[in-house]
Every structure is written in C-alpha cells, then in structure tokens.
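Here is how the chains run, residue by residue.
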Amino acid sequence: MARKPTTKGKPPAFQFYAADFLIGCATMTLEQRGAYITLLCYQWDQDGLPNDKSTLAMLVGGNEAVIEAVLYKFRECPDGKLRNHRLEKVREIQKEFGKKQSKAAIKRWAAYRAEKAAKANSTQPGSVPSELR
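Not measured: the values here are computed from a predicted model.

Enquirer: Could you clarify how one ought to interpret the overall build of the protein in this entry?
Expert: Helix and strand content of the protein: five helices and two strands. For the protein, the sequential pattern of α-helices and β-strands runs α-α-α-α-β-β-α. Of all 133 residues assigned to the protein, the portion counted as buried reaches 25%. Total accessible area on the protein stands at roughly 9,500 Å², and carbon and sulfur atoms take up 59% of it.

Rendered as structure tokens:
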C-alpha cells in the first residue's frame, strides 16, 4: 500500500484536535503514538487502511505488536477497509464546509456578473445613465 499520496480532488489536510489526540493516546508509548498518527495520515490520504496487520506494520515501520496495540482505534467498514471513526467525522465536517463555501462562492460570482452586466448595459452608447433616468 505504500503508494504516492493521492491528494488530487481531495483535501490534503485534516483538522487536528491536539487535546483529543493527547487524551486518546495517554496510555500509549511513543512508538504506539507514532504508529497511530501515521495510520491516521494514511487513512486520510487513501480513504481507509488495508485490513492486514503485516501491511500496516510495514506502513509504520514497526512490528505487528505495535499495530496490535493501536488497532482498537480502527474499525472494519463494509468495504473491508479499516477506519478511525473520529477521523471520518472530521472528513464529513470538512466536506460539508467545502460544499457550503462552494455554494457561497457561486452565489457571489453570480451577483458580481449580474452587477457587471447591468453596468455594461447602462453605459452603452446612446443610453441614458441610470442615475439620470
């Protein structure tokens, strides 16, 4: 699975909630924390993780014992991939925010174009400026 990151058409980053991460990893060793954040990053980029402990161990440069210690943070999904539920919530929030931003931008551009067209029509040769009508 060690592939080139695929950010085309996808957000390249996710919100990171430091307090939640620290609380959620309070009982982990540094090696386990490193494996956990690395797996979260792979999940974000690849839309899930392979459900194979040896592959996961290779991804984090650790061993299967480290994977066993952090695997409880991930659940198997209907497509067979492993995902952290909290990270998927963040993904959904980010998607919804992006949709709202896109709709707002389309609305602003439409208003801008309408205003520009109205100004262009009012300054045609032989027309009376709108303020004199």
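Read on for the rest.
Enquirer: Would you explain the packing of helix H2 (residues 30-46) against helix H5 (residues 85-122) in this entry?
Expert: A pair of packed helices is characterised by two quantities: the angle between their axes and the separation of those axes. Contact geometry for H2 and H5: axes closest at 11 Å, N-to-C directions at 40 degrees. Of the possible angle classes, the one that applies to H2 and H5 is oblique. Here the hand of the crossing between H2 and H5 comes out right-handed. Along the contact surface, H2 presents Leu40, Gln43 and Trp44, while H5 presents Leu87, Glu88, Arg91 and Gln94. Per-class residue counts for the contact of H2 with H5 are three nonpolar, two polar and two charged.

Enquirer: Any chance you could explain the side chain of Thr55 here in plain terms?
Expert: Here Thr55 lies in helix H3 (residues 53-60). At a separation of 2.4 Å, a polar atom in the side chain of Thr55 contacts the side chain of Asp52.

Enquirer: Looking at this structure, I do not really get the packing of aromatic side chains. What am I missing?
Expert: Where two aromatic rings form a pair, the distance of their centres and the angle of their planes describe that pair. Applying the stated criterion across every chain yields a total of five aromatic pairs. Counting every residue linked through ring pairs, the aromatic cluster contains Phe16, Phe21, Tyr36 and Phe74. Arg86 extends its terminal NZ or CZ atom over the ring of Tyr17, reaching a point 4.8 Å from the ring centre. We note Arg91 situated over the ring of Trp44; from NZ or CZ to the ring centre the distance is 4.4 Å.

Enquirer: I tried to follow H5 on my own but got confused; where do I start?
Expert: An α-helical turn contains 3.6 residues, so any two residues separated by three or four positions project in the same direction. The terminal C-alpha atoms of H5, which comprises 38 residues, lie 56 Å apart, in line with the 56 Å expected from a rise of 1.5 Å per residue. For H5, the full list of buried residues reads Leu87, Glu88, Val90, Arg91 and Ser122. In this fold, the buried residues of H5 make contact with H2 and strand E2 (82-83). Two or three places before Arg86, at the opening of H5, Asn84 has a side-chain oxygen 3.0 Å from that residue's backbone nitrogen.

Enquirer: Teacher, can you tell me more about the side chain of Gln32 here?
Expert: Considering the arrangement of structural elements, one finds Gln32 in helix H2. A polar contact is formed between the side chain of Gln32 and the backbone nitrogen of Thr29, at a distance of 2.9 Å. In this structure, Gln32 is in contact with Thr27, Val66, Ala69 and Val70, ignoring residues within four places of it in sequence.

Enquirer: Teacher, can you tell me more about the pattern of salt bridges here?
Expert: In a structure, side chains of opposite charge can pair up when their charged atoms sit close to one another. Taken as a whole and judged by the stated rule, the model has eight salt bridges. One salt bridge in this structure joins Arg86 and Asp20, with 2.7 Å as the shortest N-O distance. Taken together, the residues span a long stretch of sequence, with Arg86 in helix H5 and Asp20 in helix H1 (residues 18-24) at a distance of 66 residues. Judged by its relative accessible area of 38%, Asp20 is partly exposed. Across the pair Glu68 and Lys53 runs a salt bridge, and its minimum N-O distance is 2.3 Å. With Glu68 in helix H4 (residues 64-70) and Lys53 in helix H3, this pair connects stretches of sequence that are 15 residues apart. Given a relative accessible area of 43%, Glu68 falls into the partly exposed group. Classification of Lys53 as partly exposed rests on a relative accessible area of 34%.

Cut-off values and rules
- Residues numbered from 1 in each chain as written.
- Predicted model: local features only at pLDDT ≥ 70, side-chain atom pairs only at ≥ 80, totals over all residues.
- Heavy atoms only, no water.
- Helix = DSSP H or I, 4+ residues; strand = E, 2+ residues; numbered from the N terminus.
- Buried < 20%, exposed > 50% of the residue type's maximum accessible area, 1.4 Å probe, protein only.
- Areas by Shrake-Rupley, 256 points an atom, 1.4 Å probe, with all protein chains shown as cover.
- Axes fitted to C-alpha atoms, helices over the stretch in contact; angles between N-to-C directions.
- Parallel < 35°, antiparallel > 145°, perpendicular 65-115°, else oblique.
- Left-handed = near helix turned anticlockwise from the far one by under 90°.
- Contact = heavy atoms within 4.5 Å.
- Nonpolar A, V, L, I, M, F, W, Y, C, P; charged D, E, K, R; others polar.
- Polar contact = N/O pair within 3.5 Å; in protein donor to acceptor, adjacent residues only side chain to side chain.
- Phe/Tyr/Trp six-rings, centres within 6.5 Å; stacked < 30°, edge-to-face > 60°.
- Lys NZ or Arg CZ within 6 Å of the ring centre and 35° of its normal.
- Expected span 1.5 Å × (residues − 1).
- Salt bridge = Lys/Arg side-chain N within 4 Å of Asp/Glu carboxyl O.

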